[in-house]
Structures are given as C-alpha cells and as structure tokens.
Amino acid sequence: MQAKDHQYLFLDFEFTMPENKTKPRGFFPEIIEAGLVSVINGQVYDQFSSYVKPVHFPTLTERCKSFLNIAQEQVDQGISFEELVHWLQEYDRLCPNTVITWGNMDMKVLRHNCLQANLPFPFTGEHRDLAMEYKMFFGERNQTGLRKAVQEYGKEGVGKAHCALDDAFTTYNIFNLVEKDKKYLAKPEQPTIGERVDFSQLLKKFAL
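Cut-offs used in this document
- Residues numbered from 1 in each chain as written.
- Predicted model: local features only at pLDDT ≥ 70, side-chain atom pairs only at ≥ 80, totals over all residues.
- Heavy atoms only, no water.
- Helix = DSSP H or I, 4+ residues; strand = E, 2+ residues; numbered from the N terminus.
- Buried < 20%, exposed > 50% of the residue type's maximum accessible area, 1.4 Å probe, protein only.
- Areas by Shrake-Rupley, 256 points an atom, 1.4 Å probe, with all protein chains shown as cover.
- Pairing = 2+ DSSP bridges.
- Right-handed = clockwise from strand over helix to strand, strands pointing away.
- Expected span 1.5 Å × (residues − 1).
- Arc of directions from axis to C-beta.
- Contact = heavy atoms within 4.5 Å.
- Axes fitted to C-alpha atoms, helices over the stretch in contact; angles between N-to-C directions.
- Parallel < 35°, antiparallel > 145°, perpendicular 65-115°, else oblique.
- Left-handed = near helix turned anticlockwise from the far one by under 90°.
- Nonpolar A, V, L, I, M, F, W, Y, C, P; charged D, E, K, R; others polar.

Undergrad: Describe the overall build of the chain, with residues and values.
TA: Looking only at helices and strands, the chain features 9 helices and 5 strands. Seen in sequence order, the chain has helices and strands lined up from the N terminus as β-β-β-α-α-α-β-α-β-α-α-α-α-α. Looking at the chain as a whole, 40% of its 208 residues qualify as buried. Element-wise, carbon and sulfur atoms account for 53% of the exposed surface of the chain, whose accessible area totals about 12700 Å².

Undergrad: Report on the pairing of strand β4 (residues 97–101), specifying residues and quantitative values.
TA: The buried fraction of β4 amounts to 5 of the 5 residues, a majority that puts the element mostly inside the structure. The side-chain alternation of β4 yields two buried faces, one formed by Asn 97, Val 99 and Thr 101 and the other by Thr 98 and Ile 100. Pairing of β4 with strand β5 (residues 126–129) involves 4 bridges; the strand directions are parallel. Bridge pairing in β5 places Thr 101 opposite Asp 129. Crossover connection from β4 via helix α4 (residues 105–117) to parallel β5: handedness right-handed.

Undergrad: How would you summarise helix α3 (residues 81–94) if you had to cite specific residues and measurements?
TA: Here α3 contains 14 residues, and its C-alpha end-to-end distance of 21 Å stays within 8% of the 20 Å for a straight helix at 1.5 Å per residue. Within the sequence span of α3, burial applies to Phe 81, Leu 84, Val 85, Leu 88, Gln 89, Tyr 91 and Asp 92. The arc that holds the buried residues of α3, viewed along the axis, is 160°, so those residues lie on one side. For α3, the exposed residues set more than 90 degrees away from the buried face come down to Glu 82 and Arg 93. Those residues of α3 that are buried lie in contact with β1 (7–15), β2 (31–40), β3 (43–51), β4 and α4.

Undergrad: Now, about the packing of α3 against α4: what can you tell me, with residues and values included?
TA: Closest axis-to-axis distance for the α3/α4 pair is 11 Å, and the angle between their directions is 120°. One finds that α3 runs oblique with respect to α4. By crossing handedness, the relation of α3 to α4 is classed as left-handed. Counting all contacts with α3, which are made through Phe 81, Val 85 and Leu 88, the residues of α4 involved are Leu 110, Asn 113, Cys 114 and Ala 117.

Undergrad: Lay out the environment of Gln 89 with the relevant residues and their values.
TA: One can find Gln 89 in helix α3. C-alpha of Gln 89 to C-alpha of Phe 121: the two residues are 32 residues apart in sequence and 8.5 Å apart in space. Gln 89 has contacts with Pro 120 and Pro 122, leaving out every residue within four places of it along the chain.

Undergrad: I'd like a description of the packing of helix α5 (residues 130–138) against helix α7 (residues 164–185), backed by residues and values.
TA: Between α5 and α7, the least distance of the axes is 11 Å, while the angle of their chain directions is 35°. In this structure, α5 meets α7 at a crossing whose hand is left-handed. Contacts from Leu 130, Glu 133, Tyr 134, Phe 137 and Phe 138 of α5 reach α7 at Thr 171, Ile 174, Phe 175, Val 178, Asp 181, Lys 182 and Leu 185. Partitioned by chemical class, the residues of the contact of α5 with α7 number 8 nonpolar, 1 polar and 3 charged.

Undergrad: Outline the environment of Ile 79, listing residues and values.
TA: Inspection of the secondary structure assignment puts Ile 79 in the loop between α2 (72–76) and α3. Judged by relative accessible area, Ile 79 falls into the buried class, the value being 17%. Between the C-alpha atoms of Ile 79 and Val 52, which are 27 residues apart in sequence, the distance is 4.9 Å. Residue contacts for Ile 79: discarding those within four places in its chain leaves Phe 48, Ser 50, Tyr 51, Val 52, Lys 53, Leu 84 and Trp 87.

Below is the structure:
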C-alpha cells in the first residue's frame, strides 16, 4: 500500500434476536454473520464473509432463524467473535479507511460486543452512516431501508436481503449512486475574472 491510498470498508452484520418483545434477562444482540467489502482507490480490493458463533445466547430463536434464513448449524460452525475482531483489525491496518454502514446499529452492536468480550474496538478510522446521509440528502422524513433505497434508484439489491455480504455489496452500490448525485448537484465554482475575460485578446485590442 502507498501513503496516499484510502480504503472504504462497506460493512454489514446480522444479529441474534429475541423470540418476541419480552427479552430474556440480560439479552443483547450478538453478531452472528459478518459481510465486508474493501474498496481501495475506487476498486474492489477484497471481500470477507463469515458466520460467527454467539456466546451469551448461543441458541438462535425461531424468529431469528426465520427472519435471517440462518440455521443453527451455520453459526455453530462459524468463527469466534475474537477471530472476527482479528480479521477486522487486519483490514483496518491496510491503509487509512472509512467504515460505511447502512444505519448505526452495526457499529453500536460491534462496540457493545467488544466491551462484553473485553476486546479492543477494531477500527481506527471515520465512520459514515449512509442511511442518515441518504435521509438528509433526499430530505426524507423517515429513514429508508437499504433495499427500498436502492429500488428508489431503479436498481435491485445484490443477492438476498439479510445476507451480510450481499447487503455490504448493496451498500457499496448505493454509495456510488449517492456520490454520483452529490457531484452532479454540486454548484460549479464561480469563474475568476481571469477566466471570464480573455486578457490576451483584450491586450491585442488595445495594442492596435
């Protein structure tokens, strides 16, 4: 990597869920699937996807399995949360980076899971909540879901909803669409007097 390189990390997590609104005592969401797309200098550099074994509430609820289309066996065979943090740190070390998520829950849950596991937070760069940027940019009253937002652009999301890597790629795609719109709507800089007046032609005129 070179000093001027910059990395965008498009990140999506899926979490454990209680069976209903009555949460078990001490329940908190744990990451059970991670998807990440690394984009360096505008090019997809790498991708990462894995199931993650929950520790505090290791048995998935029926609601969680149904909503996320995840089987108990998949998370049982996943990596540990400690391994996940290690992998995220490896991406963070590549070069200066910005983490981009759709909404703020991914980073909130990651921070809380790190605290619970007594592990360091793996990212050192800036974080951008693309859902909030989308809401502000389009003047939406409510926060738009990821798949709905990409459909509003006349596109379709990548793969399946609530598959972490597919959602990370969908976040990357909508980021490109929003950035393109921002550039299109940006006001051009006012020309300087030197750009407005061709002084060479003016001098010729006075020289006659």
